[in-house]
Amino acid sequence: LYAKWTTLPTYAVTYSANGATSGTAPDSQTKTNDVALTLASNSGNLEKTGYIFVGWNTAANGTGMDYAVGASYTVNAALALYAKWTPVTYTVAYNGNGSTGGSTANSSHTYDVAKALTANGFTRTGYTFAGWATTAGGAVAYTDGQSVLNLANTQGATVTLYAKWTAVTYTVAYNGNGSTGGST
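Given the structure is predicted, the values throughout are model-derived calculations rather than measurements. (Residues numbered from 1 in each chain as written. Predicted model: local features only at pLDDT ≥ 70, side-chain atom pairs only at ≥ 80, totals over all residues. Heavy atoms only, no water.)

Participant: Which parts of the structure should I look at to understand the overall build of the chain?
Facilitator: A count of helices and strands for the chain gives zero helices and 15 strands. Relative to the 2.2 N^0.38 estimate, which gives 16 Å for 184 residues, the radius of gyration of the chain is 31 Å and therefore markedly larger than a compact globule would have. The buried share of the chain, taken over its 184 residues, is 29%. Of the accessible surface of the chain, which amounts to about 11000 Å², a share of 51% is contributed by carbon and sulfur atoms. Between the averaged position of the 7 positive side-chain charges in the chain and that of its 6 negative side-chain charges there is a distance of 5 Å. (Helix = DSSP H or I, 4+ residues; strand = E, 2+ residues; numbered from the N terminus. Rg over C-alpha atoms; globule rule 2.2 N^0.38 Å. Buried < 20%, exposed > 50% of the residue type's maximum accessible area, 1.4 Å probe, protein only. Areas by Shrake-Rupley, 256 points an atom, 1.4 Å probe, with all protein chains shown as cover. Lys, Arg positive; Asp, Glu negative; His and termini not counted. Charge placed at Lys NZ, Arg CZ, Asp CG, Glu CD.)

Okay, here's the thing in structure tokens:
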């Protein structure tokens with residue numbers, strides 16, 4: 001009698017960078033029937049501007065089944081995995097830039113999600129609020145309560161906006177108070 005050998009079935013496990021702005025997806029792996037496979041890490045240093053790599057998912061939009069980097073895959077089936085991305089969150093802080101009163105609460109923002117800036121709460125005697133600048137001496141870049149998008153692309157970053165002020169102008173009128181001639 002002679003032993004007869006059969007080749008165990010194998011299954012492809014593929015990886016997609018799924019919109020990464022740099023790096024490369026891992027090479028495909030081969031899963032052997034009934035043998036656990038360790039899923040790939042992010043060895044290709046996948047990055048996506050404004051997002052954090054959080055593992056693999058069976059759907060490009062991240063709504064499928066999640067798989068952690070280095071997880072054990074035991075199912076006897078082919079598998080297509082996509083890089084899963086979570087948008088970064090950042091803070092917008094407001095600087096009164098010479099204000100004499102009031103305050104403006106910081107606001108929390110998420111990359112790729114439009115959100116209005118906090119309405120100005122600062123005051124400055126003799127001045128009116130003109131808008132927000134990105135530097136203390138800069139020009140107005142944003143209006144009060146303007147909807148903004150993607151002011152930062154690093155997780156936990158703080159973006160500081162500075163109040164810009166316009167001096168109040170006024171007119172002085174002179175009254176002759178019973179004068180008999182001339183004008184001012």
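Participant: I keep staring at the nonpolar core and nothing clicks. Help me out?
Facilitator: For soluble globular proteins, the rule of thumb is that nonpolar side chains tend to be buried together. Membership of the largest hydrophobic core comes to 17 residues, with the highest contact counts inside it found for V13, Y15, L39, W56, Y67 and L81. Elements represented by at least two residues in this core include exactly strand 1 (10-16), strand 4 (51-57) and strand 7 (79-87). For this core, the element with the most residues is strand 7, which contributes four residues. Once you skip the residues sitting within four places of it in the chain, Y15 turns out to touch A25, P26, D27, Q29, L39, A40, W56 and L81. Of all hydrophobic cores here, the second largest spans 13 residues; its members include V92, L117, V148 and A163. (Core = buried A, V, L, I, M, F, W, Y, C linked by side-chain atoms within 4.5 Å. Contact = heavy atoms within 4.5 Å.)

Participant: Would you explain the sheet that holds strand 15 (residues 158-167) in this entry?
Facilitator: Where strands meet in a sheet, backbone hydrogen bonds hold them as pairs that are either parallel or antiparallel. The four strands are arranged 10-8-15-13 in an open sheet whose pairing can be described as mixed. The outermost strands of the open sheet, each flanked by one partner alone, are strand 10 (107-110) and strand 13 (127-133). Geometrically, the sheet is characterised by an average inter-axis angle of 30° between neighbouring strands, direction not taken into account. For strand 8 (residues 89-95) and strand 10, the ladder comprises four bridges, and the chain directions are antiparallel. (Pairing = 2+ DSSP bridges. Axes fitted to C-alpha atoms, helices over the stretch in contact; angles between N-to-C directions.)

Participant: Would you take a moment to explain the pattern of salt bridges for this structure?
Facilitator: Summed over all chains, the structure comprises one salt bridge. Where D66 meets K84, a salt bridge forms, and the shortest distance between an N and an O atom there is 2.9 Å. Of the two residues, D66 is situated in strand 5 (residues 66-67) and K84 in strand 7; the sequence distance between them amounts to 18 residues. Here D66 falls in the partly exposed class, since its relative accessible area comes to 45%. (Salt bridge = Lys/Arg side-chain N within 4 Å of Asp/Glu carboxyl O.)

Participant: What should I look at first to understand the pairing of strand 4 in this one?
Facilitator: Side chains on a regular strand alternate between the two faces of the sheet. In terms of residue burial, strand 4 counts as a mostly covered element, since five of its seven residues are buried. Across two bridges, the pairing between strand 4 and strand 5 is antiparallel. Counterpart to W56 in the pairing with strand 5 is Y67.

Participant: Help me out: how do you make sense of a nonpolar patch on the surface in this one?
Facilitator: Judged by side-chain polarity, V168, Y170, V172 and Y174 come together as a nonpolar surface patch covering roughly 500 Å² of accessible area. As for its position among the elements, Y170 is in the segment after strand 15. (Patch = residues over 30% accessible without salt bridge, like charges linked within 9 Å, V, L, I, M, F, W, Y side chains within 5 Å.)

Participant: Whenever I open this one, the packing of aromatic side chains confuses me. Can you help?
Facilitator: In this description, a pair of aromatic rings is defined by centroid distance and the angle of the planes. By the definition in use, this model includes nine aromatic pairs. The interplanar angle of 70° and the centroid separation of 5.7 Å between the aromatic rings of F53 and W85 together place this pair among those described as edge-to-face. One end of the pair, F53, is in strand 4; the other, W85, is in strand 7, with 32 residues separating them in the sequence. W85 matches F53 in its accessibility class, with the two residues each being buried. On the numbers, 5.0 Å between centres and 65° between planes, the contact of F129 with W132 is edge-to-face. Aromatic ring contacts, followed pair by pair, group Y94, F122, F129, W132 and W165 into a single cluster. Stacked on the ring of Y127, the Lys or Arg R124 has its end atom at 3.9 Å from the ring centre. (Phe/Tyr/Trp six-rings, centres within 6.5 Å; stacked < 30°, edge-to-face > 60°. Lys NZ or Arg CZ within 6 Å of the ring centre and 35° of its normal.)

Participant: Can you help me understand the sheet that holds strand 7 in this one?
Facilitator: Here we have five strands laid out as an open sheet, ordered 2-1-7-4-5, and mixed in their pairing. On the outer flanks of this sheet lie strand 2 (29-32) and strand 5, each paired with one strand and no other.

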